[in-house]
Amino acid sequence: MERLSRATAGDVPKAPGTGIVHLGLGAFHRAHQAVFTADAIAAGGGDWGIAAVAPRSRSVLDPLLEQDLLYSVLTLDGERVTPRVLGVHSQALHAASEPDAVERLLADPAVRIVTLTVTEKAYRPGSAVLDLLVRGLRARAGAPIALVSCDNLPSNGRRLRELVVAELGPSIVDSTGFPSTMVDRIVPASTEATYATAREVLGLEDRATVGAEPFHAWVLEDDFPGGRPAWDRAGAIITGDVGPWEGLKLRVVLGVHSALAYLGALAGAPTVDRALALPGMRDAVERFIATDIAPTLSPPDGVTVEEFGRGALARFANSALRHRTLQIAMDGSQKLPQRLLGTIADRRAAGSMPRYATLVLAAWMRFVRGVADDGTALPLDDPMAERLRETGDLLALDAVFPPAFADDTELRAQLDAWGRDLDRHGVLGVLEGLR
Ligand code: CS2
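First things first, this report covers the structure right here in the doc. (Residues numbered from 1 in each chain as written. Predicted model: local features only at pLDDT ≥ 70, side-chain atom pairs only at ≥ 80, totals over all residues. Heavy atoms only, no water.)

### So, helix α12 (residues 305-316)
Under the 1.5 Å per step criterion, the end-to-end length of α12 is 16 Å for 12 residues, consistent within 8% with the ideal 16 Å. Inspection of α12 places V305, F308, G309, A312, L313, R315 and F316 among the buried residues, and these make up the whole buried set. The buried residues of α12 occupy one face: seen down the axis, they fall within an arc of 155 degrees. Exposed side of α12, more than 90 degrees from the buried face: R310 and A314 are the residues found there. (Helix = DSSP H or I, 4+ residues; strand = E, 2+ residues; numbered from the N terminus. Expected span 1.5 Å × (residues − 1). Buried < 20%, exposed > 50% of the residue type's maximum accessible area, 1.4 Å probe, protein only. Arc of directions from axis to C-beta.)

Shown next, in the form of structure tokens:
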């Protein structure tokens, strides 16, 4: 079968000149920022072509280069697949082997935005991506730019600003915006099944394709000293305060996603939709949202947590996504603080014991031990894996847990009780008992 390229693709708009550098060439970027930007350029024009930078792996970069930087996004809605070929990338580079070229690009005054999807663990002093960014910024000599974190961290813009200011000093903020953003779209890692679907619907081989759900959202603070694409005309929300949206994303969408991942993985459910379909699971996560999460959030005007939660569950039920529970279960030590532990901390501070949230935490603790309910081994893919498995007392790990947890005897008792229940009855038995 022929390969996707400019010659075979038909009518795909040409990418304009580079105005954005994106760090992190994963599936999420290709189905999120790239789509919003292509739509924004179609609506409002501007030299906002994206230079994609792959930090380490060449697994997406090489196919993209072979395909004239074209790839398809397959929108998966139950049985329906809607393909769209994107050509919004103006260049693609490999940071590990061409750091100087990336640095020159970051220093180019024509580049006015850097977007990042580099995962939670990159937001620490000395990470390779941060170093690269800092070197580029240093060489800009004050040309205006916005650095847009698109990772699932609370106040992601502020977090990035602190890291950059620590390296370059406070004057960097005179020319640099750090808008916080909330990003949302479920985009599982591509598999051979995704490539097969692309072949079917495109009639072409596309080794950079991604499958994604129809839903997509982007909420950004307005802090772009060098201007921005007309993302608002592509459906993004530009706001003064992303906080209320961020709370919904982190605690509802991602809190429940991780709940389904750990409980599901222990019970042998390979994908999120299958985890949600386990007997008793839907009731349990609905109550998790209503009784544990909702009281900790102040949603944006016109939105209720319950309604937002129902929307999230409908998205998770999309069986075409085949989003693996083990993919979401990765990096729990980096994800749980913002997805789950904040909910527990807020409820404890208010004098309550969050039943469902503690069940999810107990499920993660069991997941860390690496054995599913049927005895199958579970992989622990986490930058802190060794420490997690070696410690006799997870709650005492202050890199993961709020300090108040270690001395909270009631919380410990609740977690021990769930742990015993899970040992004795497995996830399915525990869910049955909740009914
Ligand atoms: C997922 C998220 O991999 C994960 O941890 O929970 O990437 C999730 O699919 C997206 O953030 C949804 O917007």
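Next comes the rest of the write-up.
### Focus on the nonpolar core
Core analysis: the largest hydrophobic core is formed by 79 residues, its most contacted members being V256, L260, F288, F316, L361, W364 and F401. By residue number, the principal contributor to this core is helix α9 (residues 243-267), which donates 14 residues. Of the residues that make up this core, three or more belong to each of domain 1 (18-239) and domain 2 (243-434). Once residues within four sequence positions are removed from consideration, F316 is found in contact with I186, V253, V256, H257, L260, V272, D273 and L276. Counting 40 residues, the second-largest nonpolar core is a separate cluster that includes V60, L61, L69 and C150. (Core = buried A, V, L, I, M, F, W, Y, C linked by side-chain atoms within 4.5 Å. Domains from an automatic or database assignment. Contact = heavy atoms within 4.5 Å.)

### Section: the side chain of S149
In this structure, S149 sits in strand β7 (residues 145-149). By relative accessible area, which is 0% here, S149 ends up buried. Within the local environment of S149, its side chain forms a polar contact with the backbone nitrogen of D151, the two atoms lying 3.4 Å apart. Once residues within four sequence positions are removed from consideration, S149 is found in contact with L116, Y123, N156, L160, P179 and T181. (Polar contact = N/O pair within 3.5 Å; in protein donor to acceptor, adjacent residues only side chain to side chain.)

### Describing the packing of α9 against α12
Where α9 contacts α12, the axes come no closer than 10 Å and their chain directions differ by 40 degrees. By the angle between their directions, the pair α9 and α12 is classed as oblique. For the element pair α9 and α12, the recorded crossing hand is right-handed. Contacts between α9 and α12 involve L248, V252, V253, V256, H257 and L260 from the former and V305, F308, G309, A312, L313, R315 and F316 from the latter. Here the contact of α9 with α12 is composed, by residue class, of 10 nonpolar, two polar and one charged. (Axes fitted to C-alpha atoms, helices over the stretch in contact; angles between N-to-C directions. Parallel < 35°, antiparallel > 145°, perpendicular 65-115°, else oblique. Left-handed = near helix turned anticlockwise from the far one by under 90°. Nonpolar A, V, L, I, M, F, W, Y, C, P; charged D, E, K, R; others polar.)

### Structural notes on the site of the ligand
Around the ligand, the neighbouring residues are N152, D184, R185, K249, L254, H257, H323, I328, K335 and R339. Contact distances for the ligand include 2.9 Å between an oxygen atom and a backbone N or O atom of R185. K249 is positioned with one of its side-chain polar atoms (N or O) 3.0 Å from an oxygen atom of the ligand. In isolation the ligand has 340 Å² of accessible area, and contact with the protein removes 88% of it. (Near = heavy atom within 4 Å. Areas by Shrake-Rupley, 256 points an atom, 1.4 Å probe, with all protein chains shown as cover.)

### Comments concerning the packing of α9 against helix α11 (residues 281-293)
At a minimum axis distance of 11 Å, the contact between α9 and α11 shows a crossing angle of 140 degrees. Regarding the angle of α9 to α11, the classification is oblique. Where α9 crosses over α11, the two elements pack in a sense that is right-handed. On α11, the residues that touch R251, V252, G255, V256, A259, L260, L263 and G264 of α9 are M281, V285, F288, I289 and I293. The residue makeup of the contact of α9 with α11, split by class, is 10 nonpolar, two polar and one charged.

### Some remarks on the sheet that holds strand β6 (residues 113-116)
Strand pairing in a sheet is mediated by backbone hydrogen bonds. Such pairs are either parallel or antiparallel. On the basis of which strands lie adjacent, the open sheet formed by six strands has the order β5-β2-β1-β6-β7-β8 and parallel pairing. Of all the strands in the sheet, the pair left with one neighbour each is β5 (89-94) and β8 (176-177). Examined bridge by bridge, strand β1 (residues 18-23) and strand β2 (residues 49-54) share five bridges and lie parallel to one another. When the sheet's bridge partners are listed, T18 is paired in β2 with G49. Across the sheet, helix α5 (residues 99-107) lies against β1, β2, β5 and β6, angled at about 140 degrees from β5, the strand it touches most. (Pairing = 2+ DSSP bridges.)

### Quick look at the packing of aromatic side chains
Summed over all chains, the structure comprises six aromatic pairs. Taken together, a centroid distance of 5.5 Å and an interplanar angle of 65 degrees make the contact between F36 and W218 edge-to-face. Of this pair, F36 sits in helix α3 (residues 33-44) while W218 sits in strand β11 (residues 217-221); the two residues are 182 residues apart in sequence, bridging distant segments of the chain. A residue is classified by how much of its surface remains accessible, and F36, at 2% relative accessible area, is buried. When the centroid spacing of 5.8 Å and the interplanar angle of 70 degrees are considered together, the rings of F224 and W231 count as edge-to-face. Just as F224 is buried, W231 falls in that class too. (Phe/Tyr/Trp six-rings, centres within 6.5 Å; stacked < 30°, edge-to-face > 60°.)

### Side note on the pattern of salt bridges
Here the structure, examined in full by the defined rule, presents 22 salt bridges. A salt bridge links D184 to K249; the nearest nitrogen and oxygen atoms lie 4.0 Å apart. In this pair, D184 sits in strand β9 (residues 181-184) while K249 sits in helix α9, placing the two residues 65 residues apart along the sequence. For K249, a relative accessible area of 5% gives the class buried. With a closest N to O distance of 2.7 Å, R251 and D346 form a salt bridge. Placement of the pair is R251 in helix α9 and D346 in helix α14 (residues 332-349), with a sequence separation of 95 residues. A residue is classified by how much of its surface remains accessible, and D346, at 36% relative accessible area, is partly exposed. Linked by salt bridges that have partners in common, D184, E213, K249 and R315 make up one network. (Salt bridge = Lys/Arg side-chain N within 4 Å of Asp/Glu carboxyl O.)

### So, the side chain of Q67
By secondary structure assignment, the location of Q67 is in the loop between α4 (61-66) and β3 (71-77). Engagement of the side chain of Q67 in a polar contact is seen with the backbone nitrogen of R207, the distance being 2.9 Å. Apart from residues no more than four positions distant in its own chain, Q67 is found in contact with R3, L4, S5, E205, D206, R207 and A208.

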